[in-house]
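Residue-level listing of the chains:
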Amino acid sequence: MLKTIRGGKNLISENFFEPLGMSKSTFSTRIDYSREDLATGYHHHRLNGSDTFTKNTPESLRRWGELCASGAIISSAKDMANWLNFHIYEGKNITGHQVMDQKLVHELHKPRFAIGTTHYRAIERSTFPISIMDYAYAMGLKVGHYRGYPLIVHSGATFGYRSYMAMLPSEKIGAIVLNTGPDLEYRHRAPVTHYLLDSALGIDPYINSTTICTFPKPWADDNQTTTDRPERSNESLDFKIGEYKGIYTELFFGNLEISYNSTLKSLVMKYGWGEWELILWPSANKEDSSEQRFYAAESGINTVFDYSPLYFIEHPYKTGTVVGFRATAFETERPPIFCKEEHQDICQKIRAKSYPEEEAHLCDSAVSVQFAYGKFYVFVLLVFAKSMNDNWSLPSSSS
C-alpha cells in the first residue's frame, strides 16, 4: 500500500495516461511552463470600472500541485476526449482495449449521496428551458439527467483555469470545455457544453449566438456582480504597526504570520507558501462597520487575491492592543478568529460571544471542529498526510 501511495503520479501515468493514449497529459509539478502549447492562466479583477487580467506564475501552480491532486493535472482537448471515451465505453480506450474492468467503472458511476448542483443555480431545475439536474455524487463524478438522458458531469477550477465535462453514456456522447480565466457559477462553461450536447443529439440547441452572451437571461435574472478592486487608502491605521505584527493561531486553520514590509510600506500576511499584501479599504467602503478592514492582494509568487475583508480585533480592556482578527476570506458565514498566542484566553471569550452555539467545537478539541468547518476537514487531512511524506499523492478525483 505504501508503495502504491508513494508512486501515485507514476501509477496514474502508467495505468491511465499511457493506455488511454493521453500523451500530452501530465502534472503541474512536472510540466515545463515554457512550452509554447501550454495555455496561460489568468486571474480577473476590476479596477476603476475596467477589467484587468493577471497572469499565473508557474511557481504558484507547482506549489498548489504539491498540495493536492485536484486541479494538479494538465491535459489537452484531445486527451480529455480519450478520457470521456474511457467512461462512455465502460473502461475501454479508443482502440477498444479494456483498460479497467467494466464492473469497476460501474462502481465509479454509481450514486453515493445527494449533493447540490454543478450548474448555474438560477436555472438548475426540471423546466428551464430544458430538463437538467445533477443531484448525486458518485466516486469523483456527479450524476443526474439532461433532457431525460442519464448524465455524468464534473467541473474543475484552479488558479487561472476552468473546465467542464459532461457525458450522456446511453447515447455515447460527451463534451469537454477548457478555458482560462474566471467563470462565475459556470455561466459560460455549462451553456457551451449544453450546446455541444444538443448538437450531438441532433436537437436544436437552446443556446445561440445571442443568448450565450446574455446567459442566464432571458430565462433567469443574473444576480452575479463583479466588485471593483478598491483603491489604496491613505488613511492612517487604527493601531500602531507593531500591534499588527506577530504569529496568529486558529485551532482549525493553523498559524499565519503578519509582518511589515518596508519596501511595500504595507502589512504582509504569510500563510503556508502564500503571501498577501494587506491593503486598507477606504472609509467609504466600510459598509456598516466602524472597524477598519483590509483585503488581501497578491504578493510574491502568489497571484491570487481576495476582497473578503479581514477585521482586526482590539482588546476589550486594553485600548490600542490587537488580540486577533476575523478572516471572512477563510469562511464567510462564520469567519474564523485568529488570535495571538498571548491573547488566547481573551480570544476564547470573543469566539464564545461571536458563535455561542459553536463554542465547544471551536475551543475544546480538534476532533469536534468538523462540525464547525466540516467542508475543510478532508482538505486538512490531505495536507497533513502530505506533510508526513513528500512523495505522497492521490489520484485526481476530477480532470
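Reading guide: rules and limits
- Residues numbered from 1 in each chain as written.
- Predicted model: local features only at pLDDT ≥ 70, side-chain atom pairs only at ≥ 80, totals over all residues.
- Heavy atoms only, no water.
- Helix = DSSP H or I, 4+ residues; strand = E, 2+ residues; numbered from the N terminus.
- Contact = heavy atoms within 4.5 Å.
- Areas by Shrake-Rupley, 256 points an atom, 1.4 Å probe, with all protein chains shown as cover.
- Patch = residues over 30% accessible without salt bridge, like charges linked within 9 Å, V, L, I, M, F, W, Y side chains within 5 Å.
- Salt bridge = Lys/Arg side-chain N within 4 Å of Asp/Glu carboxyl O.
- Buried < 20%, exposed > 50% of the residue type's maximum accessible area, 1.4 Å probe, protein only.
- pLDDT = per-residue confidence, 0-100.
- Polar contact = N/O pair within 3.5 Å; in protein donor to acceptor, adjacent residues only side chain to side chain.

Q: Is there a simple way to explain the overall build of the protein chain in this structure?
A: Summing up its helical and strand segments, the protein chain has twelve helices and 19 strands in all. Here the analysis covers contacts within the protein chain between residues at least 6 apart in sequence; of these, 49% occur between residues at least 24 apart. By element, 52% of the accessible surface of the protein chain is carried by carbon and sulfur atoms, the whole surface being about 20900 Å².

Q: In this structure, what is going on with a nonpolar patch on the surface? I would like to understand it.
A: Taken together, the side chains of Val192, Tyr195 and Leu196 define a hydrophobic patch exposed on the protein surface, amounting to about 230 Å² of accessible area. Tracing the sequence through the fold places Leu196 in helix α6 (residues 189-201). Overall, the relative accessible area of 37% leaves Leu196 in the partly exposed class.

Q: What is the right way to look at the confidence of the model for the protein chain in this model?
A: When pLDDT drops low, the exact placement of atoms in the prediction is not to be read closely. This prediction gives the protein chain a mean pLDDT of 80; 77% of its residues lie at or above 70. Under a pLDDT of 50 for its full length, residues 1-6 has, in the predicted model, six contacts with residues more than four places off or in other chains. Here residues 360-399 is a poorly scored stretch, pLDDT under 50, and it has 66 contacts once near neighbours within four places are set aside; other chains count.

Q: Would you mind going over the side chain of Thr328 with me for this structure?
A: With respect to the helices and strands, the residue Thr328 is situated in the loop between β18 (322-327) and β19 (337-340). Looking at Thr328, the relative accessible area reads 12%, which means it is buried. Polar side-chain contacts of Thr328 include one of 2.5 Å to the backbone oxygen of Pro309. The contact partners of Thr328, leaving out residues within four places of it in the chain, are Ser308, Pro309, Tyr311 and Pro335.

Q: Is there a simple way to explain the pattern of salt bridges in this structure?
A: It is possible for side chains of opposite charge to pair when their charged atoms get near one another. Enumeration according to the criterion identifies eight salt bridges in this entry. As a salt-bridge pair, Asp37 and Lys24 come within 3.8 Å of each other at their nearest N and O atoms. Of this pair, Asp37 sits in the loop between β1 (26-27) and β2 (42-47) while Lys24 sits in the loop between α2 (8-17) and β1, placing them 13 residues apart in sequence. Judged by its relative accessible area of 47%, Asp37 falls in the partly exposed class. Given the relative accessible area of 45%, Lys24 is considered partly exposed. Taking the shortest distance from any N to any O, the salt bridge between Glu107 and Lys110 comes out at 2.8 Å. Since its relative accessible area comes to 30%, Glu107 is described here as partly exposed. The network of salt bridges with shared partners includes Lys24, Arg35 and Asp37.

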